[in-house]
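Listed here are the chains, written in short residue letters.
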Amino acid sequence: QVQLVESGGGLVQPGGSLRLSCAGSGLAVSVYAMAWFRQAPGQERDFVAAIRWSFGTTYYADSVKGRFTISRDNAKNTLYLQMNSLKPEDTAVYYCAHRADYRGYSYYTQENFYPNWGQGTQVTVSS
């Protein structure tokens, strides 16, 4: 049973930084890819960033490219999202997601690619 717990969210001024963490349990069996998604009030859940676990290959939404960095600690089974130069439009609940296996295709930006999800952590960017 995979469990994911996000932390590190909070209130930050525009231009500030936050580092989100996603601690996983039950991930020792396999990790193929993990990702961050976010959902603002009244909005759809959108892709933010993803990482292929073994090789560290990263993928980013255009809206965060150059500002956010996704990374992982294999030994700790922990996913991170370093968020710099934060903007008010970054305000959302941030969710981490996990997929254990590879089935011949990788839709890193799609929600349905990830069977396992955390409960989210709130990030608010406001002056």
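Residues numbered from 1 in each chain as written. Predicted model: local features only at pLDDT ≥ 70, side-chain atom pairs only at ≥ 80, totals over all residues. Heavy atoms only, no water.

1. As for the sheet that holds strand β7 (residues 68–73)
- Pairing is antiparallel across the open sheet formed by four strands, whose spatial order is β1-β3-β8-β7. At either margin of the open sheet sits one strand with a lone partner, and together these are β1 (3–7) and β7. Taking each pair of neighbouring strands and ignoring which way they run, the sheet shows an average axis angle of 15°.
- As judged from the six bridges shared by β7 and strand β8 (residues 78–83), these two strands associate in the antiparallel manner. Across the sheet, residue Ser-71 finds its bridge partner in β8, namely Tyr-80. (Pairing = 2+ DSSP bridges. Helix = DSSP H or I, 4+ residues; strand = E, 2+ residues; numbered from the N terminus. Axes fitted to C-alpha atoms, helices over the stretch in contact; angles between N-to-C directions.)

2. Structural notes on the pairing of β8
- Counting buried positions over the six residues of β8 gives five, a clear majority of the element.
- Pairing between strand β3 (residues 18–25) and β8: six bridges, direction antiparallel. Note that in β8 the partner of Arg-19 across the bridge is Gln-82.
- Between β7 and β8, which follow one another and run antiparallel, lie four residues, and Asn-77 among them has a positive phi close to 50°. (Buried < 20%, exposed > 50% of the residue type's maximum accessible area, 1.4 Å probe, protein only.)

Just geometry here; none of it tells us what the structure is for.
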